[in-house]
Amino acid sequence: MDKLAELEDLINKLLEDYRRLKEENEQLWTQMNEVLSKMEQVDREKKELEKLVETYRNTMNSLVEKLQKMISTAGN
């Protein structure tokens, strides 16, 4: 095999590797974007749940206060 054929084989291998790596890179970017999107969705859901927990906590505190008032009024 002469030097020109060796060089041609090397270039073909490099091009093949480049195409394969480019495709892998695109797949990884797609996967990363999907993960980021899911993370954003989870973060939104977490914030909604935190608000819901806070609402329930406030409601419970209010009910406990009313119950305590009723108990103290009934005791007098």
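A few points on the structure. (Residues numbered from 1 in each chain as written. Predicted model: local features only at pLDDT ≥ 70, side-chain atom pairs only at ≥ 80, totals over all residues. Heavy atoms only, no water.)

### Quick notes on the overall build of the protein
- From N to C terminus, the protein includes 1 helix and 0 strands.
- In terms of overall dimensions, the protein has C-alpha extents of about 110 × 10 × 5 Å along its principal axes.
- The buried share among the 76 residues of the protein stands at 0%.
- Entry remark: accessible area of the protein is about 7500 Å², with carbon and sulfur atoms responsible for 59%.
- If you average the places of the 13 positive and of the 17 negative side-chain charges in the protein, the two averages end up 11 Å apart. (Helix = DSSP H or I, 4+ residues; strand = E, 2+ residues; numbered from the N terminus. Buried < 20%, exposed > 50% of the residue type's maximum accessible area, 1.4 Å probe, protein only. Areas by Shrake-Rupley, 256 points an atom, 1.4 Å probe, with all protein chains shown as cover. Lys, Arg positive; Asp, Glu negative; His and termini not counted. Charge placed at Lys NZ, Arg CZ, Asp CG, Glu CD.)

### Observations regarding the environment of Met32
- Residue placement: Met32 occurs in helix 1 (residues 3–75).
- Residues Met32 and Ser72, 40 residues apart in the sequence, show an inter-C-alpha distance of 59 Å.

### A few points about a negative patch on the surface
- There is a patch of like negative charges on the surface, built from Asp2, Glu6, Glu8 and Asp9.
- Looking at the element boundaries, Glu8 is found in helix 1. (Patch = residues over 30% accessible without salt bridge, like charges linked within 9 Å, V, L, I, M, F, W, Y side chains within 5 Å. Salt bridge = Lys/Arg side-chain N within 4 Å of Asp/Glu carboxyl O.)

### Quick notes on the pattern of salt bridges
- Within the structure shown, the criterion is met by 5 salt bridges.
- As a salt-bridge pair, Arg20 and Glu24 come within 3.1 Å of each other at their nearest N and O atoms. With Arg20 and Glu24 both in helix 1 and 4 residues apart, the pair spans about one turn of that helix.
- In the salt-bridge network here, residues are joined through shared partners; they are Asp17, Arg20 and Glu24.

### Examining the environment of Leu4
- The residue Leu4 is located in helix 1 in this model.
- Of the residues examined, Leu4 reaches a relative accessible area of 61% and is grouped as exposed.
- Along the sequence, Leu4 and Leu63 sit 59 residues apart, while their C-alpha atoms lie 87 Å from each other.

### Here's the deal with the environment of Leu52
- Mapping Leu52 onto the fold places it in helix 1.
- Along the sequence, Leu52 and Arg20 sit 32 residues apart, while their C-alpha atoms lie 48 Å from each other.

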